[in-house]
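As a plain string of letters, each chain reads:
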Amino acid sequence: MRPLVAWTPETARPAWQKYAVVTIVDPFIEPFRTIPNAYKTLMAYMRLNRLEHLEDKDVIACFEREYNRDSTDYMDVYIAVK
């Protein structure tokens, strides 16, 4: 898993929101381990890079996006940042 900073329009605001994101490969093999660890990894990345979590009623604070590519399942975990 490698956290990145991404721009995504998945918010209630008309402007794009900045998110920190990490991608999990095959997230449902051990979901009760891999998904919480993805959040922990992402929060550690945010702490190290001094990215503050954005808590705003008009912004989706965190969410997951599942998809399949070439018969492999993926999940992106997003946390809103200032």
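One can find the structure itself at the top, above this paragraph.
Just so you know, these numbers come straight off a predicted model, no measurement behind them. (Residues numbered from 1 in each chain as written. Predicted model: local features only at pLDDT ≥ 70, side-chain atom pairs only at ≥ 80, totals over all residues. Heavy atoms only, no water.)

**Here we look at the environment of Met46**
- Positionally, Met46 belongs in helix α1 (residues 31-48).
- Overall, Met46 belongs to the buried group, its relative accessible area being 5%.
- For the pair Met46 and Ala20, spaced 26 residues apart in the sequence, the C-alpha separation amounts to 7.5 Å. (Helix = DSSP H or I, 4+ residues; strand = E, 2+ residues; numbered from the N terminus. Buried < 20%, exposed > 50% of the residue type's maximum accessible area, 1.4 Å probe, protein only.)

**Brief notes about α1**
- With 18 residues, α1 should cover 26 Å at 1.5 Å per step; its first-to-last C-alpha distance of 25 Å lies within 8% of that length.
- Regarding α1, the residues found buried are Thr34, Ile35, Ala38, Tyr39, Leu42 and Met46. Here the buried residues of α1 occupy an arc of 135 degrees about the axis, which is enough to place them on one side. Among the exposed residues of α1, those pointing more than 90 degrees away from its buried face are Phe32, Lys40, Arg47 and Leu48.
- Lining the buried residues of α1 we find β2 (17-25), β3 (62-69) and β4 (72-80).
- Residue Arg50 follows α1 closely and has a positive phi angle near 55 degrees. (Expected span 1.5 Å × (residues − 1). Arc of directions from axis to C-beta. Contact = heavy atoms within 4.5 Å.)

**Comments concerning the pattern of salt bridges**
- Counted by the stated rule, this structure contains four salt bridges.
- Between Glu30 and Arg33 there is a salt bridge, and its shortest N-O distance comes to 3.0 Å.
- As a salt-bridge pair, Arg65 and Asp76 come within 3.0 Å of each other at their nearest N and O atoms. Here the residue Arg65 occupies a position in strand β3, and Asp76 occupies one in strand β4, the gap between them amounting to eleven residues.
- By relative accessible area, Arg65 is classed as partly exposed at 36%.
- Since its relative accessible area comes to 5%, Asp76 is described here as buried. (Salt bridge = Lys/Arg side-chain N within 4 Å of Asp/Glu carboxyl O.)

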